[in-house]
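# Coordinate analysis (summary)
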Amino acid sequence: MMIAPVLAQDAATATTGIKLSGDQPIQIDADKLVVHDNEGTATFTGNVTVVQGATLLKAGSMIVYYVKGPKKDASGKDATGAAAAADAPKTTGVAGAGAQDIDHLEVNDKVYVKSEDQVATGDHGTFDMKTEVLVLTGNKVVLSQGDNVAVGCKLTAQLKTGEAQLESCKSGQTGRVSIVVAPKNAPKN
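Residues numbered from 1 in each chain as written. Predicted model: local features only at pLDDT ≥ 70, side-chain atom pairs only at ≥ 80, totals over all residues. Heavy atoms only, no water.

### Structural notes on the overall build of the chain
Tallying secondary structure elements over the chain gives 1 helix and 10 strands in all. N-terminal to C-terminal, the α/β element order of the chain is α-β-β-β-β-β-β-β-β-β-β. Counting the 189 residues in the chain, one finds 32% classified as buried. Sequence-distant contacts, at least 24 apart, represent 48% of the contacts inside the chain between residues at least 6 apart. Summed over all atoms, the accessible surface of the chain reaches about 11100 Å², with 53% contributed by carbon and sulfur. (Helix = DSSP H or I, 4+ residues; strand = E, 2+ residues; numbered from the N terminus. Buried < 20%, exposed > 50% of the residue type's maximum accessible area, 1.4 Å probe, protein only. Contact = heavy atoms within 4.5 Å. Areas by Shrake-Rupley, 256 points an atom, 1.4 Å probe, with all protein chains shown as cover.)

### Overview of the pattern of salt bridges
Any two side chains of opposite charge can pair, on the condition that their charged atoms come close. As enumerated under the stated definition, the model contains 1 salt bridge in all. Note that D103 is salt-bridged to K130, the shortest N-O span being 2.3 Å. In this pair, D103 sits in strand β5 (residues 102-115) while K130 sits in the loop between β6 (118-128) and β7 (133-145), placing the two residues 27 residues apart along the sequence. A relative accessible area of 55% places K130 in the exposed class. (Salt bridge = Lys/Arg side-chain N within 4 Å of Asp/Glu carboxyl O.)

### Points about the state of the cysteines
Across all of its chains, the model carries 1 disulfide by this definition. Note on cysteine connectivity: C153 is disulfide-linked to C169, with sulfurs 1.6 Å apart. Around the S-S axis, the bridge from C153 to C169 shows a dihedral of about 95° and counts as right-handed. Residue C153 is found in strand β8 (residues 148-158), and its partner C169 is found in the loop between β9 (163-167) and β10 (178-180); the two are separated by 16 residues along the sequence. (Disulfide = S-S within 2.5 Å.)

### Quick look at a nonpolar patch on the surface
The grouping of V177, I179 and V181 at the surface amounts to a nonpolar patch, some 220 Å² of accessible area in total. Locating V177 in the fold gives a position in the loop between β9 and β10. (Patch = residues over 30% accessible without salt bridge, like charges linked within 9 Å, V, L, I, M, F, W, Y side chains within 5 Å.)

### Some points on the nonpolar core
Soluble globular proteins tend to pack their nonpolar side chains together in the buried interior. Ranked by internal contacts, the top residues of the largest apolar core, which has 23 residues, are M62 and V64. When residues no more than four places from it in sequence are discounted, the contact partners of M62 are I28, A42, T43, F44, V48, V50, L105, E106 and V107. (Core = buried A, V, L, I, M, F, W, Y, C linked by side-chain atoms within 4.5 Å.)

### Quick look at the environment of N38
Secondary-structure assignment places N38 in the loop between β2 (32-36) and β3 (41-52). When its relative accessible area of 75% is taken as the criterion, N38 is described as exposed. Put simply, N38 and K68 are 30 residues apart on the chain and 9.6 Å apart in space, counted from C-alpha to C-alpha.

### Overview of the environment of D37
Its place among the elements puts D37 in the loop between β2 and β3. Considered as a pair, D37 and Y66 are 29 residues apart in the sequence and their alpha carbons are 9.5 Å apart.

### Details of unusual backbone geometry
The backbone of N47 shows a phi angle near 50°, a positive value even though the residue is not glycine. The exposure class assigned to N47 is exposed, which follows from its relative accessible area of 57%. Non-glycine residue K110 carries a positive phi angle of around 60°. Mapped onto the fold, K110 is located in strand β5. Judged by its relative accessible area of 73%, K110 falls in the exposed class.

### What to know about the environment of D101
Tracing the backbone shows D101 in the loop between β4 (55-66) and β5. Taking the C-alpha atoms as reference, D101 lies 5.7 Å from Y66; in sequence the two are 35 residues apart.

### Regarding the pairing of β7
Of all the 13 residues making up β7, 10 are buried; the element is thus mostly covered by neighbouring parts of the structure. In this sheet, β7 lies alongside β6 in antiparallel orientation, the contact comprising 9 bridges. By the bridge assignment, V119 is partnered in β7 with S144. Connecting β6 to the antiparallel partner β7 that follows it, the hairpin turn spans 4 residues, and E132 within it adopts a positive phi of roughly 55°. Relative to β8, β7 is paired through 10 bridges, and the arrangement is antiparallel. Its bridge partner being in β8, V142 is matched across the sheet by V151. Taking the residues between adjacent antiparallel strands as the criterion, β7 and β8 are bridged by 2 residues, where G146 takes a positive phi near 65°. (Pairing = 2+ DSSP bridges.)

Structure (structure tokens):
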């Protein structure tokens, strides 16, 4: 996601934007963790912090939805008719699950995402691991890069392509997206 081209800055100053890397470990810290193995979810609450490479995510709560294995019938066979191996590792739960086992995340309560020199904030967010789409929503969603600031109510970021779309607050004061662009040669204090 790059705010720089949207704000008409020159491409030489653009950054890589908000991103997640599948080849880097994810560290999650929170005040409390509850694992719901049957549902394939893990709920983190209280001062949730997620770090992966140069990307930092903070929120009041986060639910991680894991990829569920194939459903089994009463005979212990999956939908293809294959019997499940007794020693096959479980893919749910926190201890054995890597980033490739996460289907999507939901974050709430003052969501903050920072990567490189870009920051995005909102009230709620989702991140789909397969499509690599981040959606932030709220009464005021802010995307900033340095002194450049864009404000709306819904930010959809395609992390694979770096494309971002900011939508207006239809019921807001103006019903429009607001952008403040700082001049490139503005004096620094």
